[in-house]
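Chains, contacts and geometry: an overview
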Amino acid sequence: MSDEILESLRELYAGRYWGLVGIETVSAERGRVVNRIALQDHHLNYNHIVHGGVIASLVDSAAGGAVRSLRDPTEIKARPHATSDLHVTYLSPVAGGEIIATARVVKAGRTAIFTEVDVTTGEGKLVARGMVTFVVSAGPPVPPRG
């Protein structure tokens, strides 16, 4: 099951925003996902440290993967989930190497799912902590008018 979750997340991220940012899913199991970014110059801000938006994207992607790991694809299609609240506390700057986000689902309800995420360096230094809430819609997305 973990291998299936991992492969489905890798396929989902390929060629999308996460892939462009350089987010890679390292491991996945029910309710828990680990994503990473191998840092490059374009991830850095003008102070030569990782831009906060890069860390926030990593937090959101890992949390979303953890949520997705608990839901059947048919259920997701019928009742998609989306980030409704994203909070990141930045604890330490980082300038190179890699950053790793470990996300876990704290509580999964019918209409809301709550996650916690720790972001560390490759050496294990805590860089940021995130809390992400997802809302589960009542039905399929409404097609755009046009």
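As the structure is a prediction and not an experimental result, all values here were calculated from the model.

Considerations on the sheet that holds strand β4 (residues 98–108)
Spatially, β1-β2-β4-β5-β6-β3 is the arrangement adopted by the 6 strands of the open sheet, whose pairing is antiparallel. Two strands close off the open sheet at either side, each with one partner strand: β1 (23–29) and β3 (81–90). Strand-to-strand twist across the sheet, computed as the mean angle between neighbouring axes with direction ignored, equals 20°. Direction of pairing for strand β5 (residues 112–121) relative to strand β6 (residues 126–136): antiparallel, over a ladder of 9 bridges. Each residue of the ladder has a partner; that of Thr115, found in β6, is Val132.

What to know about the pattern of salt bridges
Summed over the entire model, instances satisfying the criterion amount to 5 salt bridges. Arg36 is the salt-bridge partner of Glu98, the closest N and O atoms lying 2.6 Å from each other. One end of the pair, Glu98, is in strand β4; the other, Arg36, is in strand β2 (residues 32–38), and 62 residues separate them in sequence. Here Glu116 and Arg104 are joined by a salt bridge, their closest N and O atoms 2.9 Å apart. Remark: Arg104 occurs in strand β4 and Glu116 occurs in strand β5; sequence separation between them is 12 residues. Using a relative accessible area of 33% as the deciding quantity, one classes Glu116 as partly exposed. A network of salt bridges, in which partner residues are shared, links Glu24, Arg36 and Glu98.

Notes on the environment of Ala78
Relative to the helices and strands, Ala78 is located in helix α4 (residues 73–78). In this structure Ala78 comes out as partly exposed when scored by relative accessible area, which is 39%. On a C-alpha basis, the gap between Ala78 and Ala138 in space is 8.4 Å, while along the polypeptide they are 60 residues apart. Each residue touching Ala78, except ones within four places of it in the same chain, is listed here: Gly139 and Pro140.

Some details on the nonpolar core
Counting residues in hydrophobic clusters, the biggest one holds 34 residues, and the most contacted among them are Ile37, Ile55, Ile99 and Val119. Among the secondary structure elements, those contributing two or more residues to this core are α1 (2–13), β1, β2, α3 (52–68), β4, β5 and β6. Beyond its immediate chain neighbours, meaning those up to four positions away, Ile55 contacts Val50, Val88, Tyr90, Ile99, Val119, Val127 and Ala128.

Some thoughts on the side chain of Thr115
Within the secondary structure, Thr115 sits in strand β5. The class of Thr115 is buried, set by a relative accessible area of 3%. Reaching out from Thr115, the side chain makes a polar contact with the backbone oxygen of Val132 at a distance of 2.9 Å. Among all residues touching Thr115, those that are not within four sequence positions of it are Ala63, Val67, Arg104, Val105, Val106, Gly130, Met131, Val132 and Phe134.

Side note on the pairing of β5
As defined by bridge partners, β4 adjoins β5 across 9 bridges and the pair is classed as antiparallel. Bridged to Ala103 within β5 is Val117. In sequence, β5 turns back onto β6 through a hairpin of 4 residues, with Gly124 there showing a positive phi of about 95°.

Topic: unusual backbone geometry
Residues other than glycine seldom take positive phi values, yet His48 does so here, at roughly 65°. Tracing the backbone through its elements, the reader meets His48 in the loop between β2 and α3. His48 sits in the exposed class, given a relative accessible area of 57%.

Thresholds applied
- Residues numbered from 1 in each chain as written.
- Predicted model: local features only at pLDDT ≥ 70, side-chain atom pairs only at ≥ 80, totals over all residues.
- Heavy atoms only, no water.
- Pairing = 2+ DSSP bridges.
- Helix = DSSP H or I, 4+ residues; strand = E, 2+ residues; numbered from the N terminus.
- Axes fitted to C-alpha atoms, helices over the stretch in contact; angles between N-to-C directions.
- Salt bridge = Lys/Arg side-chain N within 4 Å of Asp/Glu carboxyl O.
- Buried < 20%, exposed > 50% of the residue type's maximum accessible area, 1.4 Å probe, protein only.
- Contact = heavy atoms within 4.5 Å.
- Core = buried A, V, L, I, M, F, W, Y, C linked by side-chain atoms within 4.5 Å.
- Polar contact = N/O pair within 3.5 Å; in protein donor to acceptor, adjacent residues only side chain to side chain.

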